[in-house]
Amino acid sequence: MKAPTGFASGVHLAAQAATAIGLLACAAGAQTSPGAQYAGSETCRACHQDLYEGLLKNLHHVLESDKLRGWAGRSCEACHGPGSVHAETVAAADILNPGKAPATQSIPACMKCHANQPTNVGYVNSSHVRNLVACTGCHSMHAAPAGLPTTNRNERVSNLCFRCHTNQRASFQRPHTHPLKQGAMSCIDCHNPHGSAGLRQTQTANANEPGCFKCHGDKRGPFTFEHAPVRLEGCLTCHEPHGSANPRMLTRHEVSFQCLECHSNIGLAGGGTNTGAMGGIPPAFHDLRSARFRNCTLCHVKVHGSYVNRALLR
Amino acid sequence: MTRILLAIWIGLPLLAGQDAVEATPTKQNPQPAQEAKAEAQAPETPSPIAEQKLKAQVDAGYRGIPNIGGNFDAYRSVVNYGEGPKLFGAEINFEDPKHSALNRLTVSGHGWGGEPYTSFRADAEKFRSYRLTADYRNLAYFNYLPSFANPLASPAFRSQRAFDTRMKNADVSLELWPSRRVTPYFGYQSNYWNGHGITPYVTTGNEFPVQTQIRNQTNNYRGGVQLELTRMHVTLEQGGTTFKDDQRVFTREPNAGNRPGGVLGSQTTLNDLEQAYGVRGDGLYSKGLVTASPCSWLNVYGQFLFSQPEIDVRYSENARGLFLMGGDTFYTGLDGIVTGLSRQPHTTGSATAEIRPIGRLRILESWTTDRFHNAASALLLDQLLVSGATRPLARERQVDTRLNLNYNRQQLDVLFDITPRLTVRGGHRYVWGNALTPGWGLSPTGSPSQGELKMHVGLAGVTLRPTSRAWINVDYEGSPGDRNYFRTSLQNYHMVRARGRVEVTGSLHFYSHFRWLDNQNPARGIDYKFQDIMATGGLQWMPAGGRRASIIGEYGWSSLKSDILFLLPSTLQPAPSSYRDRGHTGTLLAQISGPKLTVADMRFEVGGSLFQSGGSRPTKYYQPLVRLYLPVAKTVELFGEWRWYGYDAQTFYFLEHFRSNQLIAGLRLKI
């Protein structure tokens, strides 16, 4: 049997015209025994009855009838590769096991079907892939849908992420956080683990806007009077979304410092560059000895942007 | 209403369970037509094994809160749990072996019964026919912290920005013919924020804390199609958004504001206020994604995203009282309107190629651009009733503003597998762009501000899997810095991240995560030094698969130092701003299975979390817990929980202390 990856003729020709580089790639990328052919699911089932039944409880069972990609009757080999040699030798070395294989081998096995995940930029821009975190690190292929250790799906998802992202779990123990510990949301509400156009794999909203606006729609604008950092560097300029000891997840304990660390540029940015030149200056009548002026957002209430006031007062 | 929903929730699995019982004979004696249909379907799509047609779990009970000591507003701002009967969680999984209308249905809910965080989710699927997902969340946002922004302020200046609101999000998506060549999909998403709060009404020389009513909503409608060809995938999506913001700020009570001593010898007051925002917005967006594998050694990805939100503003303001106008002139009333329009065409594009010239070498080249030009105009009209004047003073201003951003990023990564267990990578990122912003900032004068972004970043990393039971991943990126937008932006920085995990035995795992970031901007007048270190480590011990006992424990340490010069607003002289945060975090969950009761082992859990920090805002936040599960029947389990919330802010923040004992007694029902 041939591999079920029919080429469109033009593409096929182009692939054939590719130099030996491509052929080398095929050879080096081979993950099963040379000469192995497809044996069919029934052959696999003869020895791996339990795994086969597990697969049928899993969403991947649709492979068994997947004529589109040519996996009909070969659901096991869709991921494990041709298994005829393994069926004869019964040696683990003669079959690809994506769960144990290096990510460089297991990820392509998954990408044969999943390359078009809704990531905007393709899985390859995911830092998970760059850091060789295999799909099987998070996803179980044979198991049935998860049992019920907790009824809260958000909690299950976050706990999965926290197995590796322990720094983030620690941050969420701080008092001012998004309600992740309470199970009201999960990591994937803000991050796309499969990749994103934004840094830190953040989700996007409305095509190409920061994912924060999915819930905080009132901050989206466009405002008549924008507060530039919100647009240019995003919410992280002032907020620590994973948790902070400061109210409203601010990165400083007092709002006056939060603002004035940027709004202090008169005649000081120098060196012939524009390094840190944006940010304006505070008007001189703001006397920090007065409590009224130590809280900038007491007056500048529309600090995320205003529709009607250039100083963001209303 | 809440109680009715609660009753329905609790009753659902019982009703469903009844269906399951009734369905059993049908399963044993299927109707001939159904049998024939099932047989006809068998060769096409193998049936998932449905050992049990229905699985459900419901956790319901009562939360008692004997006491909440300390600052109740701080408690609500941080914890916010209430007393009473609750549906803590429920999940129902239903599989229909007949595949009539669906194959699988999952319905879950969490936090019903007056809880601050309520959610509902339903997933229904018929393989290759449709996939439907509905998600609803109702989240409380209460924030009334006395120390917000200024711990040294007297009570008169505290909590003048407060929220008692609810955020309701709904998201429904429908995919038709999933896993086929052509998969259309549709979606609707809504975000609704409403509630009450306090906000200051700001005038020259005085601010008046008044009530506000918050009400805004964003709707998103989208539809698209995924095309799956043999070597190529295409996603095309068209969507639209609508937005409205109807915030009101109002008062009918005389208010002396933050200057009770008066201004220039006169007592400024606010007697009557009505501010109304009538903001309406809409916009369309388009999305196009392509992924392709033209040959075995090449994958390419591309996207094009375009959106153009628009906002139409109708704002009115009517205020009566005595207000300072400037100098020694006062006015007694203001009537103003603002009309405006803003538009933000926003284009994003990216392309990535993954090239594998030899099997062990991967080259990733990606390019991204993101640019928007925000153009807005507003007409401001108002008239002031100036004290002593015979007729109102009318003012009119036309304002045009613009904010432009052009951002570009190009990145090259090379990954090489030295051995199947060792991969090294290196790369280079070049980020460049420019921005034009209105120059006023906090200053009413000044020309538009222009900024330039230019950074070369070096990238390196290594992934090591010495055995199948251990791995370590280390990443480094650093830049000497060139040009950036803001004083606190990444400039001359180095960042290292490392993660590792080792399975000492099948039941004992150790893992660790480390992050170090050092950023400096030595420019004159800035002198920014920033260092953030965070390290966590943990272990998971589950002997015999955790049947008798298990422990999961983690400890984290963090240190953040930031020093920068800023200008004292009153003198425009440089002064240092220093921020320190040294944190210790711990989490623990130990579970012990006790003696067997009637049908199963009782389980005892103890643990919780703690956070303690020193530095600029010393804080302690403890949440120990003890939990007990007592199985009383095969499908019924009693559980009880004690949890302590202790928040202990130190030095200037002592007035935010709170503590609370919480007891939960409940029933877990499993089908």
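Conventions and cut-offs
Residues numbered from 1 in each chain as written. Chains lettered and ligands numbered in written order. Predicted model: local features only at pLDDT ≥ 70, side-chain atom pairs only at ≥ 80, totals over all residues. Heavy atoms only, no water. Helix = DSSP H or I, 4+ residues; strand = E, 2+ residues; numbered from the N terminus. Buried < 20%, exposed > 50% of the residue type's maximum accessible area, 1.4 Å probe, protein only. Contact = heavy atoms within 4.5 Å. Arc of directions from axis to C-beta. Polar contact = N/O pair within 3.5 Å; in protein donor to acceptor, adjacent residues only side chain to side chain. Patch = residues over 30% accessible without salt bridge, like charges linked within 9 Å, V, L, I, M, F, W, Y side chains within 5 Å. Areas by Shrake-Rupley, 256 points an atom, 1.4 Å probe, with all protein chains shown as cover. Salt bridge = Lys/Arg side-chain N within 4 Å of Asp/Glu carboxyl O. Buried area = accessible area lost by both parts, 1.4 Å probe. Pairing = 2+ DSSP bridges. pLDDT = per-residue confidence, 0-100. Phe/Tyr/Trp six-rings, centres within 6.5 Å; stacked < 30°, edge-to-face > 60°. Lys NZ or Arg CZ within 6 Å of the ring centre and 35° of its normal.

A. Structural context of the overall build of chain A. In terms of helices and strands, chain A carries twelve helices and four strands. Taking all 314 residues of chain A together, the buried fraction comes to 57%. Taking all contacts inside chain A whose residues are at least 6 apart in sequence as the whole, residues at least 24 apart take part in 53%.

B. Region of interest: helix 9 (residues 153-162) of chain A. Taken together, the buried positions of helix 9 of chain A are occupied by Asn154, Val157, Ser158 and Phe162 of chain A. Projection of helix 9 of chain A onto a plane perpendicular to its axis shows the buried side chains occupying an angular sector of 135 degrees, all on one side. On its buried face, helix 9 of chain A is in contact with helix 10 (166-171) of chain A together with strand 5 (130-143) and strand 23 (549-567) of chain B. Where helix 9 of chain A starts, the residue carrying a side-chain oxygen 2.9 Å from the main-chain nitrogen of Asn154 of chain A turns out to be Asn152 of chain A.

C. Structural detail: a nonpolar patch on the surface. Residues and elements named next belong to chain B. Residues Val502, Val504, Phe510, Leu539, Trp541, Ile551 and Leu588 make up a contiguous nonpolar surface patch of roughly 540 Å² in combined accessible area. Counting residues per element, the ones that place at least two in the nonpolar patch are strand 20 (492-505) and strand 22 (528-541). Note that Trp541 resides in strand 22. Overall, the relative accessible area of 37% leaves Trp541 in the partly exposed class.

D. Spatial organisation of the interface of chain A and chain B. The interface is formed by 143 residues belonging to chain A together with 199 residues belonging to chain B. At the boundary of chain A with chain B, total buried surface from both sides reaches about 15,100 Å², with 57% on carbon and sulfur atoms. Our enumeration of links across chain A and chain B arrives at six salt bridges. One salt bridge in this structure joins Glu554 of chain B and Arg169 of chain A, with 2.9 Å as the shortest N-O distance.

E. Region of the structure containing the pattern of salt bridges. With the rule as written, the count across this model stands at 51 salt bridges over all chains. As a salt-bridge pair, Arg362 of chain B and Glu354 of chain B come within 3.5 Å of each other at their nearest N and O atoms. With respect to class, Arg362 of chain B is no different from Glu354 of chain B; both count as buried. Through salt bridges with shared partners, a single network forms among Asp189 of chain A together with Arg121, Asp123, Asp135 and Arg137 of chain B.

F. Spatial organisation of unusual backbone geometry. Residue and element names in this part refer to chain A. With an omega of 5 degrees, the peptide bond between Gly221 and Pro222 qualifies as cis. Mapping Pro222 onto the fold places it in the loop between strand 2 (209-210) and strand 3 (225-226). Despite not being glycine, Arg248 shows a phi value in the positive range, around 60 degrees. In this structure, Arg248 sits in the loop between helix 11 (228-232) and helix 12 (255-260). Exposure remark for Arg248: the relative accessible area of 14% places this residue in the buried category. Despite not being glycine, Leu312 has its phi angle at roughly 60 degrees, a positive value.

G. Main features of the pairing of strand 11 (residues 269-295) of chain B. All names here are of chain B. Of the strand pairs in this sheet, strand 9 (residues 232-245) and strand 11 are connected by 14 bridges, and their pairing is antiparallel. In the sheet register, His233 faces strand 11, and the bridge partner there is Thr291. Bridging between strand 11 and strand 12 (residues 298-326) involves 24 bridges; their strand directions are antiparallel. Paired with Gln275 across the strands is Glu317, a residue of strand 12. Linking two consecutive strands that pair antiparallel, namely strand 11 and strand 12, is a turn of two residues.

H. Fine view of the confidence of the model for chain B. In the predicted model, chain B carries a mean pLDDT of 87, and the fraction of residues at 70 or more is 89%. Taken together, the stretch residues 8-48 of chain B has pLDDT below 50 and engages in 43 contacts with residues farther than four places along the chain or on a different chain.

I. Geometry of the packing of aromatic side chains. Overall, the coordinates contain 21 aromatic pairs over all chains when judged by the stated rule. Note on Phe162 of chain A and Phe172 of chain A: the rings are 6.1 Å apart at their centroids and 50 degrees apart in plane angle, and the pair reads as tilted. Taken together, the residues Phe162 of chain A in helix 9 and Phe172 of chain A in the loop between helix 10 and strand 1 (204-205) connect sequence positions ten residues apart. Under the relative-accessibility criterion, Phe162 of chain A is labelled buried at 6%. By relative accessible area, which is 7% here, Phe172 of chain A ends up buried. Centroid distance Tyr629 of chain B to Phe639 of chain B: 6.1 Å. Interplanar angle 40 degrees. Geometry classified as tilted. Residue Tyr629 of chain B is located in strand 26 (residues 619-633), and its partner Phe639 of chain B is located in strand 27 (residues 636-649); the two are separated by ten residues in the primary sequence. With respect to class, Tyr629 of chain B is no different from Phe639 of chain B; both count as buried. An aromatic cluster is defined as three or more aromatic residues linked by ring pairs; in this entry it consists of Phe72, Tyr75, Tyr621, Tyr647 and Phe658 of chain B. Over the face of the ring belonging to Phe142 of chain B we find Arg76 of chain B, whose NZ or CZ atom lies 4.0 Å from the ring centre. Of note, Arg248 of chain B hangs over the ring of Phe250 of chain B, and the distance from its end group to the ring centre comes to 4.2 Å.

J. Region of interest: the side chain of Thr224 of chain A. Of note, Thr224 of chain A is situated in the loop between strand 2 and strand 3. What Thr224 of chain A contacts, discounting residues up to four positions off in sequence, is Ser306 and Tyr307 of chain A together with Val313, Ser342, Ala376, Ser377, Ala378 and Thr401 of chain B.

K. Molecular detail of the pairing of strand 28 (residues 658-670) of chain B. All names here are of chain B. Two strands pair when backbone bridges link them, and strand 1 (residues 54-70) and strand 28 are joined in this way by twelve bridges, in the antiparallel orientation. In the strand pairing of strand 28, Gly70 is matched with Phe658. Summarising the sheet, strand 27 and strand 28 pair through twelve bridges and their orientation is antiparallel. Directly across from Glu637, in strand 28, lies its bridge partner Arg668.

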